[in-house]
Amino acid sequence: MIESNIIIGVIDTGIWPESHSFDDKGLGPPPSKWKGSCQISANFTCNNKIVGAKYYKTNGTFRPEDLKSPRDSDGHGTHVASTAAGMPVGMASMLGFGLGTARGAVPSARIAVYKVCWPRCADADILAAFDDAIADGVDILSVSLGGSANEQYFDNSVAIGAFHAMRNGILTVTSAGNKGPSPATLSNFSPWSISVAASTMDRKFVTKVELGDNKTYEGVSINTFDLKGDMYPLTYGGDAANTSGGSSLARFCFPNTLDPNLVKGKIVLCDGDFSRIAATSTFLAGAVGVLTQGETRRDSTSIFPLPGSYLNSHDGANTSIYLNSTRNPTATIFRSEEVKNTLAPAVVSFSSRGPNRLTPDILKPDLVAPGVYVLASWSEISPISRVEGDNRTLPFNIISGTSMSCPHVSGAAAYVKSFHPTWSPAAIKSALMTTAKPLSSKINHEAEFAYGAGQIDPIKAVNPGLVYDAGESDYINLLCAQGYTTWLLRRVTGDNSSCPETTNATARDLNYPSFALQTQLAKSTNATFKRTVTNVGSSVSTYKATLTVSSQGLKIQVNPSVLSFTSLGQKQTFELSIEGTIEEPIVSASLVWNDGNFQVRSPIIVYHIE
C-alpha cells in the first residue's frame, strides 16, 4: 500500500489511542523517512498507526484536569485524526445514529499527533508543533484550528507555521472558520495553505415535540434521549429568572440566569437561537428538556446534554401562544429521527465566507468538503455534548464544523501525494481545486466565497491533467507586493530573503488555480492575470480554453486560447483578461482547459464588497 508511506500530522487536542480507528493491524513499521518520537506516559503508547505523538505547554502551567500526555481529553483531535486516516470500523454509530462503517479518507496512512490545545491553543505551542512536524517528516499537516479574520499573515501562528511547512515541501490544510454566513469571516486564508469550507451531507436529524394540546412540531437536534412520550410541565425562561439575572436575559436562558427551583423537572422554552448555550444552562439548572427557536442555524445542530429541539420561529411562536393560554402547559420531546437531506451538498450557514480581506484578488476559501453531522472517533472521557455532568461517553460522536471538513481534504491531499510523492504543496492543491465539483450559486448565494473551487473529488484529483505550480519565491513576491518589508520577511523566513527595491507585482501574478477580482459596481474594470500551467497528463496533448461567464457586462478572454504540449513536465503560460462592468455584487465565471480527456477548471469571481 503506497498510502501507508504517507504520514498525516494532526495539530489539535491530542488523540484517544485505544480507538479502533487507530488499530495498526496489517501495517508494517513506519516509513524510514519518519524521524519523530512518541511521548510515552503511564497510559499512552504509539503503534504502527499512530507513529508519533507529542504534547506542548510552553508556559508550563497545567490545570488539575489536564492530562500530561498526548492523550485527548476533549474529543476534537481524535475526531479529526480518524476522519483523515481512521481504519475502517464496522457497525460504528453514536447510540444508533449514523450506523455503518466509519473510515478515514486514507485508512492506511500513518498519523502523527501534536497536542497543542488544552482546550485553548497557544501560539508558541502551535509554532513548536509545526517545527517538530517538519523535522519529524510528516507529508501533510491537518490543522483544524481557528485564527482571526483580521490578522495579517505573519500575525497568525497557523499561517507562519504553514509557510515554513510549504518551504519544506509539506502542504498544510486548514479549516476556513465557523463564523459564517457573514462575508469576510475567514479565520485561515494564507495563499500557501488550503482553506476548507463545510458542506452538508445527505443525512440530517429531526426532533418532534408534542404539546399538551396534541399539536406536534418538528424541530432539529440530535436527541439521543427518550422521554417515552411522557408529558412534563412547560415553562418559559423569562418566567423562571433568578433574581440576579433578570428576566431580560433569562428569556434567552443565558448561563446563571435561571432559578433552578423554577425549572427543575420542567421543559424550558427559550427565546433566540443560542441553542447550545441555552441547552447547557437549562441542563445545569436541572431542567428535563429545552426548546429553542430561530431561523439562522437550522442546517446543523449541536448535541445537547438533555432532551431538546430547535424549532423554527413560526412553531416557536405557536408553542409560546399555547404556553400562555393554558394554566398547566405540558410538552414532551421525542428521540430524533435520522432522515435524508435531499438538498446536500450545500455550504452550511456557519461556514466562514470570503472574500480574503488581506489579499482581495486571491479567492478564499479554496474548497468545500463534508463538515456537517460527521461520525468519527471520540475521546471516551469526554461527554458527547462536551458539557460536564453529561454522562454519555462514547467511542464515536457526531459533530459539525469546518474542523470536520478540513481532515476530509487533508486525507484527499495525502491520497494525491501517495501517487505523486514529488509534487509540491501548490501542485497538490491545484489538483484538488481544478478537479472539484462546483456547487450551485442558486442555493449558496455567496457563490465561490462560500465554496471556492467546489466539492473535492479525490479520485479525479489524482490525474488533473495540468497543475498551477508555485514555490517559496512566488509567495515571497506576493508578500512583497502586499507591502511586506525585507526586515519583516526575514523575521519569518529566518534567512536572507529580500524584497526588490521596486516592484510592480500584484497578487494577480501569483500562479493560483483560481481568479478573483475586486472592483466597483457599475464602474469599468480592466485587469490581467498571468498564469503558467505544467503538463502532468498526456505527454502529447492540446488543450482548448472554454470560458463561461454569467454576466453580459463582462468580457473575459484567454490568450493564447490553445495550449499544446509535447512532453510531461512542460510548462505553458497564458494571460486571462477581464474587462467591463458588473451590476451585481458577485459575478461568477469559469475557465476550463480541455484536451478531450482532462477538464482543468478554475473558478473566476468578479465582485464588489462594501
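It should be emphasised that the depicted structure is a prediction, and the values quoted were computed from it without experimental measurement.

A. Local environment of the side chain of Lys364. Note that Lys364 resides in the loop between strand E16 (337-340) and strand E17 (367-370). Within the local environment of Lys364, its side chain forms a polar contact with the backbone oxygen of Ser193, the two atoms lying 3.0 Å apart.

B. Focus on the pattern of salt bridges. Counted under the stated rule, the structure contains 15 salt bridges. The partner of Glu65 in a salt bridge is Arg63, with the nearest N and O atoms 3.3 Å apart. Its relative accessible area of 49% is what places Glu65 among the partly exposed residues. In this structure Arg63 comes out as partly exposed when scored by relative accessible area, which is 38%. Linking Arg63 and Asp66 is a salt bridge whose minimum nitrogen-to-oxygen distance equals 2.9 Å. It is possible to trace a salt-bridge network through shared partners that takes in Arg63, Glu65 and Asp66.

C. Representation of the state of the cysteines. This structure, assessed with the given rule, holds four disulfides. Across the disulfide from Cys38 sits Cys46; the S-S distance is 2.0 Å. On the sign convention where negative means left-handed, the S-S torsion of about 85° between Cys38 and Cys46 marks this disulfide as right-handed. In this structure Cys38 comes out as partly exposed when scored by relative accessible area, which is 21%. Owing to a relative accessible area of 21%, Cys46 belongs among the partly exposed residues under this scheme. Regarding the disulfides, the protein carries the connectivity 1-2, 3-4, 5-6, 7-8 under sequence-order numbering of its bonded cysteines. Of all cysteine sulfurs, the one in Cys117 lies closest to Cys406, which takes part in no disulfide; the gap is 12 Å.

D. Up close: the sheet that holds strand E1 (residues 7-12). Strand order across the open sheet formed by seven strands is E2-E5-E1-E6-E7-E8-E17, with parallel pairing between neighbours. Each having just a single partner strand, strand E2 (50-55) and E17 make up the two edges of the open sheet. Recorded for the sheet is a direction-independent mean angle of 25° between the axes of neighbouring strands. Pairing analysis gives four bridges linking strand E8 (residues 194-199) to E17, with the strands arranged parallel. Looking at the pairing, Ala198 lines up with Ala369 of E17.

E. Representation of helix H2 (residues 123-136) in the model. Between its first and last C-alpha atoms H2 spans 20 Å; for 14 residues at 1.5 Å apiece the expected length is 20 Å, and the two agree. Every buried residue of H2 is listed here: Asp125, Ile126, Ala129, Phe130, Ala133, Ile134 and Asp136. Along its buried surface, H2 packs onto E1, E2, strand E5 (110-115), strand E6 (140-143), helix H3 (157-167) and strand E7 (171-175). After H2 finishes, the residue Gly137 shows a positive phi value of roughly 100°.

F. Spotlight on the pairing of strand E23 (residues 541-549). The pairing of E23 with strand E25 (residues 562-565) spans four bridges and is antiparallel. Looking at E25, one finds that Tyr543 is bridged to Leu563. Pairing analysis gives six bridges linking E23 to strand E27 (residues 586-594), with the strands arranged antiparallel. Bridge pairing in E27 links Thr546 to Val592.

Reading guide: rules and limits
Residues numbered from 1 in each chain as written. Predicted model: local features only at pLDDT ≥ 70, side-chain atom pairs only at ≥ 80, totals over all residues. Heavy atoms only, no water. Helix = DSSP H or I, 4+ residues; strand = E, 2+ residues; numbered from the N terminus. Polar contact = N/O pair within 3.5 Å; in protein donor to acceptor, adjacent residues only side chain to side chain. Salt bridge = Lys/Arg side-chain N within 4 Å of Asp/Glu carboxyl O. Buried < 20%, exposed > 50% of the residue type's maximum accessible area, 1.4 Å probe, protein only. Disulfide = S-S within 2.5 Å. Pairing = 2+ DSSP bridges. Axes fitted to C-alpha atoms, helices over the stretch in contact; angles between N-to-C directions. Expected span 1.5 Å × (residues − 1). Contact = heavy atoms within 4.5 Å.

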